[in-house]
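Structure assessment
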Amino acid sequence: MPLHTPRWTVVLLTAALSLGACEGVSVQAGSPTSTDATAGPTAKGSAGSAKAQLDKLTVAKSGSMKGYSREKFPHWRSAGSNCDVRDSVLKRDGTKVKLSGCNVVAGTWKSIYDGKTLTSPTQVDIDHLVPLANAWRSGASAWTTAQREDFANDLDDPQLVAVSASSNRSKGDQDPSTWKPSDPSSWCEYAEDWIAVKTHWKLTVTATEKPALADMLEKC
C-alpha cells in the first residue's frame, strides 16, 4: 500500500476485507435484514400503525356460508412427538407450565377475553382470534385447503390465543361489531391483533366491523 494512502481509506479497505471473510454473508439492496424477517409483516406496533392498517383493509359485504365446514380448515397440526399446535400455544401463553414429554399437563393461564385465571389445561380453549367461519365469509372460501390449514395453525401472527372455554363459546364466530371481550382492558390488544391478522391474510371487513375496531382502538 502506498505510504500516502489516507487513513480513512485503510479503514474502509479493512472493513471490506472483514465482511468478505464472513462466509455466506450477502446483503442486497432492498432485501430485508434478519431483524425485519423475524419481525414479520404483522408484528405488533402502536395504535397508530393499527389504525393505518385498518384504513387499508377492504370493506365488503359478508360472504356466504355455503360450503363451509371446520374440516376445510385442518387443525391442530402435528408438532411432533405426539404433540400439536394446541400444545405449542399452551406452552407459549402459560406460566409455570409443566410438561409430560411435550404435552402440557399443568400451568396457569390468564384469559384476556374475560380476565379469568385458569389453572388447568383442560379449562383452556385455543381460540382462533379471527374465527374460521368469519375468515370463510371474508375471503378464505376462495383459498386452497392448504392455505386454510396454514391459517388455522398460524403461530406467527396473533391468530391463536389461550382463553377460557366460556368466553370462547360466547364469542362463537362473531366479529367485533357484535362481540367484544367482557374485559375492556383487553379491547386495544384484541383490536390490534384482529387487524393484524386480517391485514396479513388479506381478509375483508364489513361496514359495521371496521368502525367497531376503530372504537376499540380508542382504548389504546
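Preceding block: the structure.
A quick note: this is a predicted structure, and the numbers were derived from the prediction, not measured.

1. Things to note about the overall build of the chain
When helices and strands are tallied, the chain shows 9 helices and 7 strands. Of all 220 residues assigned to the chain, the portion counted as buried reaches 36%. Counted over contacts in the chain with a minimum sequence separation of 6, partners at least 24 positions apart contribute 70%. Summed over all atoms, the accessible surface of the chain reaches about 12500 Å², with 55% contributed by carbon and sulfur.

2. Some points on the packing of helix α8 (residues 187–200) against helix α9 (residues 209–217)
Packing of α8 against α9 leaves a shortest axis separation of 8 Å and a crossing angle of 135°. Of the possible angle classes, the one that applies to α8 and α9 is oblique. Crossing hand, α8 versus α9: left-handed. Where α8 approaches α9, its residues Trp187, Cys188, Tyr190, Ala191, Glu192, Trp194, Ile195 and Lys198 are matched on the opposing element by Glu209, Leu213, Met216 and Leu217. In the contact of α8 with α9, the residues fall into 9 nonpolar, no polar and 3 charged.

3. So, the pairing of strand β7 (residues 160–164)
Burial analysis of β7 places 5 of its 5 residues in the buried class, which makes it a mostly covered element. Of the strand pairs in this sheet, strand β6 (residues 124–128) and β7 are connected by 5 bridges, and their pairing is antiparallel. The residue of β7 that forms the bridge with His128 is Leu160.

4. Some thoughts on the state of the cysteines
A complete count under the given rule lists 2 disulfides for this structure. Paired by a disulfide, Cys83 and Cys102 hold their sulfur atoms 1.7 Å apart. Of note, the bridge from Cys83 to Cys102 carries an S-S torsion of about 120° and is right-handed in sense. A residue pair is termed long-range when its members are at least 10 positions apart, and Cys83 in strand β2 (residues 83–84) and Cys102 in the loop between β3 (95–100) and β4 (103–110) qualify at 19 residues. Per residue, the accessibility class of Cys83 equals that of Cys102, and both read buried.

5. A short note on the packing of helix α3 (residues 47–56) against α9
With their axes 11 Å apart at the nearest point, α3 and α9 run at an angle of 175° to one another. With respect to α9, the axis of α3 lies roughly antiparallel. Across the interface between the two elements, Ala50, Lys51, Leu54 and Asp55 of α3 pack against Lys210, Leu213, Ala214 and Leu217 of α9. Of the residues in the contact of α3 with α9, the class split is 5 nonpolar, no polar and 3 charged.

6. Observations regarding the layout of surface pockets
Quantified by volume, the largest pocket comes out at close to 240 Å³. In this structure, the largest pocket is lined by 15 residues; those nearest its centre are Arg92, Asp93, Leu160, Val161 and Glu189. Only α4 (85–93), β7 and α8 provide two or more residues apiece to the lining of the largest pocket. Broken down by element, the residue count for the lining of the largest pocket peaks at 3 residues, all from β7. Residues that form the lining of the largest pocket fall into these classes: 7 nonpolar, no polar and 8 charged. Considering only enclosed or pocket space, the second largest pocket measures out at about 200 Å³ in volume.

7. Looking at the sheet that holds β3
Ordered in space as β3-β4-β5, the 3 strands form an open sheet in which the pairing is antiparallel. Only two strands of the sheet have a single neighbouring strand rather than two, namely β3 and β5 (117–118). As paired elements, β3 and β4 share 4 bridges and run antiparallel to each other. If you follow Lys98 over to β4, its bridge partner there is Ala106. Packed on one face of the sheet, α4 meets β3 and β4 and runs near 45° to β4.

About the cut-offs
Residues numbered from 1 in each chain as written. Predicted model: local features only at pLDDT ≥ 70, side-chain atom pairs only at ≥ 80, totals over all residues. Heavy atoms only, no water. Helix = DSSP H or I, 4+ residues; strand = E, 2+ residues; numbered from the N terminus. Buried < 20%, exposed > 50% of the residue type's maximum accessible area, 1.4 Å probe, protein only. Contact = heavy atoms within 4.5 Å. Areas by Shrake-Rupley, 256 points an atom, 1.4 Å probe, with all protein chains shown as cover. Axes fitted to C-alpha atoms, helices over the stretch in contact; angles between N-to-C directions. Parallel < 35°, antiparallel > 145°, perpendicular 65-115°, else oblique. Left-handed = near helix turned anticlockwise from the far one by under 90°. Nonpolar A, V, L, I, M, F, W, Y, C, P; charged D, E, K, R; others polar. Pairing = 2+ DSSP bridges. Disulfide = S-S within 2.5 Å. 1 Å grid on protein atoms, 1.4 Å probe; cavity = no way out; pocket = protein on both sides within 12 Å on 5 of 7 lines; lining within 4 Å. Points joined across faces, edges and corners; volume = space filled by probe spheres on them.

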